[in-house]
Amino acid sequence: MRYETITIDHDGYVATITLDRPGSMNTFSTQLALDLDDALEALEANDDVRVIVVEGAGDAFSAGIDLTEHGAHEGAAEYETWVSRMEEPFRTLVGMTTPVIASAHGFAAANGLGLVAACDLAVLAEGTKLGATAPKVGLFCMGPAVPIMNSVTEKRCLELLLTGELIDAETAVEWGLANRVVPEDRRREATMDLAESIAEKSPVAVQRGKRAYYEMADMGYEEALEYSNERFAALCVTDDAAEGIEAFLEGREPEWPGR
């Protein structure tokens with residue numbers, strides 16, 4: 001797969017999408033948003049991909065939306081179409097069964113912060129700055145707010161959105177926006193360790209489990225329990241479950257049949 005604004009690499013069962021507009025701090029141009037969304041969907045359909053990593057080239061993960069495109073539109077309808085394209089990867093991410101890890105450094109601002117929050121897991125390099133910075137230019141991070149509000153408490157979310165100020169990586173972990181902070185020279189290694197710890201598990205269990213998690217998150221307590229029982233029972237009759245349990249009882253490593 002060849003794209004204008006991203007690159008894709010494969011290492012075993014792990015695929016890495018690199019946002020590749022370093023001269024513009026990997027801001028979301030329309031083309032980058034389209035490329036990223038297409039790549040996510042293509043990798044989701046690839047049986048050889050069990051985990052996806054998203055990172056940025058150059059000095060930043062992503063500094064938000066490319067504001068040079070703002071002047072190319074007229075009227076609210078055109079702006080709605082424009083921003084809808086920018087936010088489409090957020091919609092795609094939550095509907096995917098393949099786990100996605102953000103591996104961020106430098107800056108993750110506005111849509112960049114939204115992308116970190118929309119991914120299932122996140123690893124940050126020390127010194128990374130994150131923020132919903134749009135109010136500084138007369139806008140508001142309404143799209144990024146959707147995944148952010150699912151990651152942090154209401155007060156933390158509103159502090160980010162209303163002030164537009166940057167927080168550091170350690171604060172982001174404390175608030176629930178990321179899983180861990182590591183030195184920049186270990187970010188890639190730490191991200192791959194996390195990815196491989198997922199990739200070595202049953203792909204069917206992980207994929208079905210991720211989908212069930214997000215579906216249960218929108219349900220009431222009793223409904224979620226009933227749904228979890230239904231999904232667990234369906235998982236029990238898969239080839240992966242048969243192989244995994246047999247391997248455990250025999251004291252050997254499983255050989256997953258896969259999806």
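Residues numbered from 1 in each chain as written. Predicted model: local features only at pLDDT ≥ 70, side-chain atom pairs only at ≥ 80, totals over all residues. Heavy atoms only, no water.

J.: Before we move on, can you summarise the sheet that holds strand β4 (residues 100–104) with the specific residues and values?
T.: The six strands are arranged β1-β2-β3-β4-β6-β9 in an open sheet whose pairing can be described as mixed. Edge positions in the open sheet fall to β1 (6–11) and β9 (180–182), since each of these has one partner strand only. Each neighbouring strand pair of the sheet contributes to a mean axis angle of 20°, computed without reference to strand direction. The pairing of strand β2 (residues 14–19) with strand β3 (residues 51–56) spans six bridges and is parallel. Paired with Ile17 across the two strands is Val54, which belongs to β3. Against the sheet, helix α1 (residues 30–44) contacts β1, β2 and β3, and its axis sits at roughly 175° relative to β2. (Pairing = 2+ DSSP bridges. Helix = DSSP H or I, 4+ residues; strand = E, 2+ residues; numbered from the N terminus. Axes fitted to C-alpha atoms, helices over the stretch in contact; angles between N-to-C directions. Contact = heavy atoms within 4.5 Å.)

J.: Mind laying out the pattern of salt bridges, listing which residues take part and the relevant values?
T.: Within this structure, the stated rule accounts for 13 salt bridges. Its salt-bridge partner being Arg187, residue Glu184 comes within 3.0 Å of it at the nearest N-O pair. Taken together, the residues Glu184 and Arg187, both in helix α7 (residues 184–199) and three residues apart, mark about one turn of the helix. Between Glu230 and Arg231 there is a salt bridge; the shortest N-O distance is 3.4 Å. Glu230 sits in the partly exposed class, given a relative accessible area of 47%. Residues participating in the shared-partner salt-bridge network are Glu55, Glu184, Arg187 and Arg188. (Salt bridge = Lys/Arg side-chain N within 4 Å of Asp/Glu carboxyl O. Buried < 20%, exposed > 50% of the residue type's maximum accessible area, 1.4 Å probe, protein only.)

J.: Quick rundown of the side chain of Ser62? Include the residues and the values.
T.: Its location among the elements puts Ser62 in the loop between β3 and α2 (75–95). Here Ser62 is in contact with Leu19, Met25, Asn26, Thr27, Phe28, Phe107, Ala108, Ala109 and Gly112, once residues within four sequence places are set aside.

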